[in-house]
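Observations on the three-dimensional arrangement
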Amino acid sequence: MTRIQAVNDFVVKFANVNGSGSASANELFAKSIIRMGVPVSPRNIFPSNIQGLPTWYEVRVTDQGYLGRRGGVDMMVAMNPQTWDEDVAEISPGGYLFYDNTKPLPKSRFRDDITVIGVPLTEICNAAYSDPRQRQLFKNIIYVGALSSLLDIDPAAIEKLFAEQYRGKEKLLDSNIKALNLGRDYAAAHLDCDIGLKVKPSDRVGDRIFIDGNSAAALGLVYGGATVCAWYPITPSSSLAESFIKYCQTLRVDPETGKNLFASVQAEDELASIGMVIGAGWNGARAFTATSGPGVSLMTEFIGLAYFAEIPATIINVQRGGPSTGMPTRTQQADILSCAYASNGDTKHVLLFPEDPHECFEFSATALDLADRLQTPVFVMTDLDIGMNQRLSAPFVWDDARAYDRGKVMTEEELEAGKTFGRYLDVDGDGIPYRTYPGTHPKRGAYFTRGTTKDRYARYSEEGPVYVDNMERLVKKFETAKSLVPQPLTRPAKKATRNGVLFFGSTSPSMHEALDRLEAAGEHLDAMRIRAYPFCDDVMDFIARHDRVFIVEQNRDGQLRGMLINEGGIDPAKMIAVLHYDGTPITARFIVADIADKLARYNVTPIKKVAS
Amino acid sequence: MTYIAKPKLHHPSLTRNKAGYTRRDYEGPVSTLCAGCGHDSISAAIIQACFDLDIQPHRVAKLSGIGCSSKTPTYFLGNSHGFNSVHGRMPSVLTGANLANRDLLYLGVSGDGDSASIGLGQFAHSMRRGVNMVYIVMNNGVYGLTKGQFSATADKGSKSKRGVINSDEPIDLASLALQLGATFVARSFSGDKTQLVPLIEAAIAHRGAAFIDVISPCVAFNNHPGSTKSYDYVREHNEAVNRIDFITKRDEITTDYAPGTVQEVVQHDGSILRLRKVDESYDANNRIAAMNYSQEHHAKGEVVTGLLYVDPEPQELHGYLHTVDAPFNRLSSRELCPGSARLAKINASLR
Ligand SMILES: Cc1ncc(C[n+]2csc(CCOP(=O)(O)OP(=O)(O)O)c2C)c(N)n1
Ligand code: SF4
Ligand SMILES: [Mg+2]
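Residues numbered from 1 in each chain as written. Chains lettered and ligands numbered in written order. Predicted model: local features only at pLDDT ≥ 70, side-chain atom pairs only at ≥ 80, totals over all residues. Heavy atoms only, no water.

Regarding its fold elements, chain A presents 20 helices and 23 strands. Over its C-alpha atoms chain A spans a radius of gyration of 27 Å, differing by no more than 12% from the 25 Å that the globule rule assigns to 612 residues. Seen through its C-alpha atoms, chain A measures out along the principal axes to roughly 85 × 80 × 40 Å. Taking all 612 residues of chain A together, 61% fall into the buried category. Of the contacts made within chain A by residues no fewer than 6 positions apart, 76% connect residues no fewer than 24 positions apart. Accessible area for chain A stands at about 23000 Å²; split by element, carbon and sulfur atoms hold 51% of it. Where the 67 positive side-chain charges of chain A centre and where its 76 negative ones centre are 2 Å apart. (Helix = DSSP H or I, 4+ residues; strand = E, 2+ residues; numbered from the N terminus. Rg over C-alpha atoms; globule rule 2.2 N^0.38 Å. Buried < 20%, exposed > 50% of the residue type's maximum accessible area, 1.4 Å probe, protein only. Contact = heavy atoms within 4.5 Å. Areas by Shrake-Rupley, 256 points an atom, 1.4 Å probe, with all protein chains shown as cover. Lys, Arg positive; Asp, Glu negative; His and termini not counted. Charge placed at Lys NZ, Arg CZ, Asp CG, Glu CD.)

Structure representation (structure tokens):
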């Protein structure tokens, strides 16, 4: 058997029982490696099926900084007896199995093409602790200790993390260090620590921060000035609203009065949460909701109303798989169509596609500005992969000179001075009318808000031409949006090529890794990351410049591809779908294999094909 | 359909209220509802109440769902912002609007279909939350706008215009509001202006979730014999528990009442509600008794009207959420944005 040998480039997967306190120990493991200057990318896998309460935490250690999911498992830390068999089966040949060998297991439960490392965790724990809760919690720290010895993780990095976490709680600090050393001492005394997987200090982390996308988006909403949050719990978005509240409890309390500069309402359902957001937006507050696909489905009537009545609303959609339960705890990018055209009637909505927590922060704040500027619903399309996993990303930035863009709001002074006010009147030629907040002026600026049935002055009208006039202005407004939304980013190939690839959102880290690998294999592709809908002209130019354009998406039907073809009037034949949608995050391995396979087929000339 | 503006010429003798407005300033364009529709009378009562209370029209936000009833906000308070939202969802829009600016008066108008069928959930939850608002349901027992189908408030055994007997149990929104924690609950009749106007005034003065169920006959689809929401039926079965003399603090009390016939409730803003009891045993401060009374009399086929319940010390959503006094929509990045120095610290804590 050849054992897998790798420095700073391997995958460790922890199989745990939910609620056993493993989450913080696993995070400690990941963070200690980051503190050594080595990038890691962890992912939580938590099925809806709760039998045996399985939960997995997969840590990719990646010196090159490839933060996408890699696929394959080099070391399994098997702590859940219920999932033992599938966990053992998942280890790559030559890999390692780490387990609690307090109770002996028959040989048939193992494999002979892997290295098995047993540590009597329960025994060590029971000897050291009598309290059952302590036994459970410290067992996790003991395995982190043993792993640190096996993998050469610097114990000082771990102790420093403990010191930060338990500042002022010396007793807890000491007991954690003790548990860590129980594991390290056992490993030193009983294990052959000369295994093939090692962590070596590096300098590849830089000033990056380590945070999940939901918290990042929540903080962006705080910075962006959201005052009203209305939500209904749904995985994987709930932690976004909860983080918003948590951040607000420290960042949004008026120092003088102790009163809250925010309001959060847990609504009775998504119809109510979006209704509240629209009511607040209509009345001039910055409001948002966080939800996932099923929530958006319920919201669609209201989203249409907000489109036609031109009311700002920010919706963070943390996408997941399909309806009901089960796959929904997995990741997908499958709500692109349902959000872009949500609701009845001719509607289209602005979508932003963040790639990581850094952009979750930035785009959430930007969405509030755009919603006000464009007076329309704006979606931030994140997903479970970004939202619920901590990810290394560039630090958050905020320019103190940045004022909130409240868009075109007519003031009392302007109304008093006799400025013409027509709620749906295009004064500036950009399709964006002026609005007033209720209560602004005693005699002027009041209007009656309704869906489509109105003229430029918000007076009731069911006349066809009046309706068309308004609808055409809305199209113009959507055109204006093109220059306001985050622009696409290109990564030109090192060699001139007629092949291009488009991607968006959480596919980004795997895509960049795939591009490196394709390039190393001599396949050059120009790449563009789409960051928003409406699609800017640059996107259409990019497609026009290439003979073949791959569109990489995490859904079944190539939803973005369809939109591009439709909106750009593009020949579908040149638009090649690369689709991954089994609920796991897309990998570079998948992208490389799929694109290479498709390119190989194109590189065969048709004549030869016919001849064969 | 056309938009008919009322002639703007003001008659010089039109009296002005203390805020400097004439009654006309509280009106809207001419109603397009059927002549004789109860809803128009309720609009008139709203206009009267706002005029009487010297309310500045632009400080009112009027919101509604969908239905003939929900169209009425177009026809009153033409100088107020209005929002005709989607069917059954006015309560959530109103809640959000209220969160954005706690300084305005929120008037929610809905129908029995809008609130008791499609919007029952939102109705219920807005009451639970104690949103500071006046919530009026124009209750005709049918869907007027979609031409006469039974609504969920139609009484069991009542007959539709086409002769169908309703077999479903009715939803009594006032009883629900009582149970769900509304702090002001009343029922009235569109045809009884002397009762309705003071009730609306009292609801406006109330700082909390104020709900008024107003029976409002639909002349087109539900005003026939066999209906329990017709003018004739309601007139015959109207059981008023009390009558409000709503007076402000500054006014002197001039009328003398026999002892035990008047209940006074001091509202949060200092105004006094004087309830002239019709049923001497009725206590408008007792939520549970109010529920029982309503149910008992409904079982006898009576329509109990009047101020059923008022909590003299209501709580409301902003209090629960402990929000600042300033309206959210006036806050800027100065108050709301924690700034880059703080962000640098947050970044540092995430490494
Ligand atoms: C989602 C949706 N479903 C159905 C309708 C059709 N609709 C319009 S008004 C109405 C019923 C209104 O009844 P009610 O609230 O009692 O008002 P009324 O007309 O009786 O005053 C219905 C079903 C709609 N507008 N929206
Ligand atoms: S249909 Fe009924 S509810 Fe509608 S306007 Fe006519 S009378 Fe009123
Ligand atoms: Mg009705």
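Residue and element names in this part refer to chain A. Looking at the secondary structure, you find Phe-98 in strand β6 (residues 91-100). Each C-alpha atom of the pair Phe-98 and Gln-266 lies 43 Å from the other, and the pair is 168 residues apart in sequence. When near neighbours in sequence (up to four residues on either side) are disregarded, Phe-98 contacts Met-76, Val-77, Ala-78, Ile-117, Val-119, Leu-121, Tyr-143, Ala-146, Leu-147 and Leu-150.

When two helices pack together, their arrangement is given by the angle between their axes and by how far apart the axes lie. Residues and elements named next belong to chain A. For the pair helix α17 (residues 537-545) and helix α18 (residues 559-568), the least separation of the axes is 11 Å and the interaxial angle reads 95 degrees. With respect to α18, the element α17 is oriented roughly perpendicular. Residues Val-539, Met-540 and Ile-543 of α17 lie in contact with α18, whose contacting residues are Leu-564, Glu-567 and Gly-568. Residues of the contact of α17 with α18, tallied by class, amount to 4 nonpolar, 1 polar and 1 charged. (Axes fitted to C-alpha atoms, helices over the stretch in contact; angles between N-to-C directions. Parallel < 35°, antiparallel > 145°, perpendicular 65-115°, else oblique. Nonpolar A, V, L, I, M, F, W, Y, C, P; charged D, E, K, R; others polar.)

Another aspect to go through is the side chain of Gln375(A). All names here are of chain A. In this structure, Gln-375 sits in the loop between α12 (357-374) and β15 (377-383). The class of Gln-375 is buried, set by a relative accessible area of 0%. Engagement of the side chain of Gln-375 in a polar contact is seen with the side chain of Arg-423, the distance being 3.0 Å. With residues up to four places along the chain from it excluded, the contact list for Gln-375 reads Ala-306, Glu-310, Ile-311, Pro-312, Leu-370, Lys-408, Arg-423, Ile-432, Pro-433, Tyr-434, Arg-435 and Lys-477. (Polar contact = N/O pair within 3.5 Å; in protein donor to acceptor, adjacent residues only side chain to side chain.)

Each angle at a metal carrying four tetrahedral donors should ideally be 109.5 degrees, and each at a metal carrying six octahedral donors should ideally be 90 or 180 degrees. All names here are of chain B. Every protein donor of the magnesium ion (ligand 3) is accounted for by Asp-112 (OD), Asn-140 (OD1) and Val-142 (O), and the metal-donor separations fall at 2.1 Å. Sequence spacing among the residues donating to the magnesium ion (ligand 3) works out to D-x27-N-x1-V. Here the residue Asp-112 occupies a position in helix α4 (residues 112-117), and Val-142 occupies one in strand β5 (residues 142-143), the gap between them amounting to 30 residues. Each member of the pair, Asp-112 together with Val-142, is buried. (Donors = N, O, S within 2.8 Å, 3.2 Å for Na, K, Ca; no water.)

Let us look at the interface of chain A and chain B. The partner chain B presents 58 residues to the 69 residues of chain A that form the contact. A combined buried area of about 5500 Å² lies between chain A and chain B, and 63% of that area is made up of carbon and sulfur atoms. Applying the counting rule to chain A against chain B returns 2 salt bridges. One salt bridge connects Lys259(A) with Asp325(B), and the closest N-O pair in it is separated by 2.9 Å. Joining chain A to chain B, the criterion identifies 24 residue pairs in polar contact (both at pLDDT 80 or more). At the level of secondary structure, the elements contributing two or more residues to the side of chain A that touches chain B comprise β9 (209-212), α7 (213-223), β11 (263-266), α9 (270-282), α10 (293-309) and β17 (448-449) of chain A. Of all the elements, α9(A) adds the most residues to the side of chain A that touches chain B, at 8 residues. A per-class count over the side of chain A that touches chain B returns 37 nonpolar, 16 polar and 16 charged. Alignment of β17(A) against strand β2 (residues 81-84) of chain B, held across 2 bridges, turns out to be parallel. What sits directly across from Phe448(A), in β2(B), is Gly82(B). (Buried area = accessible area lost by both parts, 1.4 Å probe. Salt bridge = Lys/Arg side-chain N within 4 Å of Asp/Glu carboxyl O. Pairing = 2+ DSSP bridges.)

Next up on the list: unusual backbone geometry. With omega at 5 degrees, the peptide bond leading from Thr235(A) into Pro236(A) counts as cis. Mapping Pro236(A) onto the fold places it in the loop between β10 (228-231) and α8 (238-251). Cis geometry marks the peptide bond from Tyr533(A) to Pro534(A), where omega comes out at 10 degrees. Relative to the helices and strands, Pro534(A) resides in the loop between β21 (532-533) and α17. Positioned with a positive phi, Glu310(A) is a non-glycine residue whose angle comes to about 60 degrees. Its place among the elements puts Glu310(A) in the loop between α10 and β13 (313-319). The backbone of Asp54(B) sits at a positive phi, close to 55 degrees, despite the residue not being glycine. Here Asp54(B) falls in the partly exposed class, since its relative accessible area comes to 22%.

What follows covers the sheet that holds strand β7 (residues 115-119) of chain A. Residue and element names in this part refer to chain A. Strand order in the open sheet made by the 6 strands is β3-β4-β2-β5-β6-β7, with mixed pairing throughout. Among the strands making up the open sheet, the edge pair consists of β3 (40-45) and β7. Between one strand axis and the next, the sheet turns by 15 degrees as a mean value, whatever way the strands run. The pairing of strand β2 (residues 9-17) with strand β4 (residues 54-62) spans 9 bridges and is classified as antiparallel. Across the sheet, Ala-15 pairs through a bridge with Trp-56, a residue of β4.

Residues and elements named next belong to chain A. The sheet built from 5 strands is open, its strands ordered β18-β20-β19-β22-β23 with mixed pairing. Both edges of this open sheet fall to β18 (489-491) and β23 (575-579), since each of them pairs with a single strand only. Looking at each pair of strands side by side, their axes are set apart by 20 degrees on average, direction ignored. Across 5 bridges, the pairing between strand β22 (residues 548-553) and β23 is parallel. From the neighbouring strand, Val-549 faces β23, where its bridge partner is Met-575. Along the sheet face, helix α19 (residues 588-603) touches β19 (499-503), β22 and β23 and points at about 150 degrees away from the line of β23.

Taken as a whole and judged by the stated rule, the model has 52 salt bridges over all chains. Between Arg129(B) and Glu268(A) there is a salt bridge whose closest N-O contact spans 2.7 Å. Residue Arg129(B) is found in helix α5 (residues 120-129), and its partner Glu268(A) is found in the loop between β11 and α9; the two belong to separate chains. A single burial state applies to Arg129(B) and to Glu268(A), both of which are buried.

Okay, the site of ligand 2 next. Close contacts around ligand 2 come from Leu33(B), Cys34(B), Cys37(B), His39(B), Cys68(B), Asn140(B), Gly144(B), Cys218(B), Val219(B), Ala220(B) and Phe221(B), and that covers them all. Residues that form the shell around ligand 2 fall into these classes: 8 nonpolar, 3 polar and no charged. (Near = heavy atom within 4 Å.)

Further remarks concern the pairing of β11(A). All names here are of chain A. Two strands pair when backbone bridges link them, and β10 and β11 are joined in this way by 4 bridges, in the parallel orientation. Opposite Ala-230, over in β11, you have Val-265 as the bridge partner. Once you follow β10 into α8 and on to β11, the crossover reads as right-handed. (Right-handed = clockwise from strand over helix to strand, strands pointing away.)

What follows concerns the domain arrangement of chain A. Residues and elements named next belong to chain A. Partitioning chain A into domains gives domain 1 (6-198), domain 2 (211-393), domain 3 (412-484) and domain 4 (489-602). The centre of domain 1, based on its C-alpha atoms, is set 37 Å off from the matching centre of domain 4. Opposite the 9 residues of domain 1 that make contact, domain 4 presents 10 residues. The contact between domain 1 and domain 4 buries some 760 Å² in all, and 50% of this surface belongs to carbon and sulfur atoms. Applying the counting criterion to the domain 1 and domain 4 interface returns 1 salt bridge. The residue Glu-513 makes a salt bridge to Arg-60 at a minimum N-O spacing of 2.7 Å. The interface formed by domain 1 and domain 4 contains 4 residue pairs in polar contact (both at pLDDT 80 or more). (Domains from an automatic or database assignment.)

Okay, helix α1 (residues 38-52) of chain B next. Residue and element names in this part refer to chain B. The terminal C-alpha atoms of α1 lie 21 Å apart, and with 15 residues this matches the ideal 21 Å at 1.5 Å per residue to within 8%. Within α1, 11 of the 15 residues are buried, which leaves it mostly tucked inside the rest of the structure. Buried within α1 we find Gly-38, His-39, Ile-42, Ser-43, Ala-45, Ile-46, Ile-47, Gln-48, Ala-49, Cys-50 and Phe-51. The inward-facing, buried residues of α1 contact α2 (68-71), β3 (105-111), β4 (133-139), α7 (193-205), β8 (209-215) and α8 (231-237). One or two positions beyond α1, positive phi appears at Asp-54, with a value near 55 degrees. (Expected span 1.5 Å × (residues − 1).)

This part is about the packing of helix α3 (residues 90-100) of chain B against α5(B). Residue and element names in this part refer to chain B. One can describe the packing of α3 onto α5 by two numbers: an axis separation of 8 Å at closest approach and a directional angle of 35 degrees. On α5, the residues touching Met-90, Pro-91, Ser-92 and Thr-95 of α3 are Gln-122, Phe-123 and Ser-126. Residues that form the contact of α3 with α5 fall into these classes: 3 nonpolar, 4 polar and no charged.

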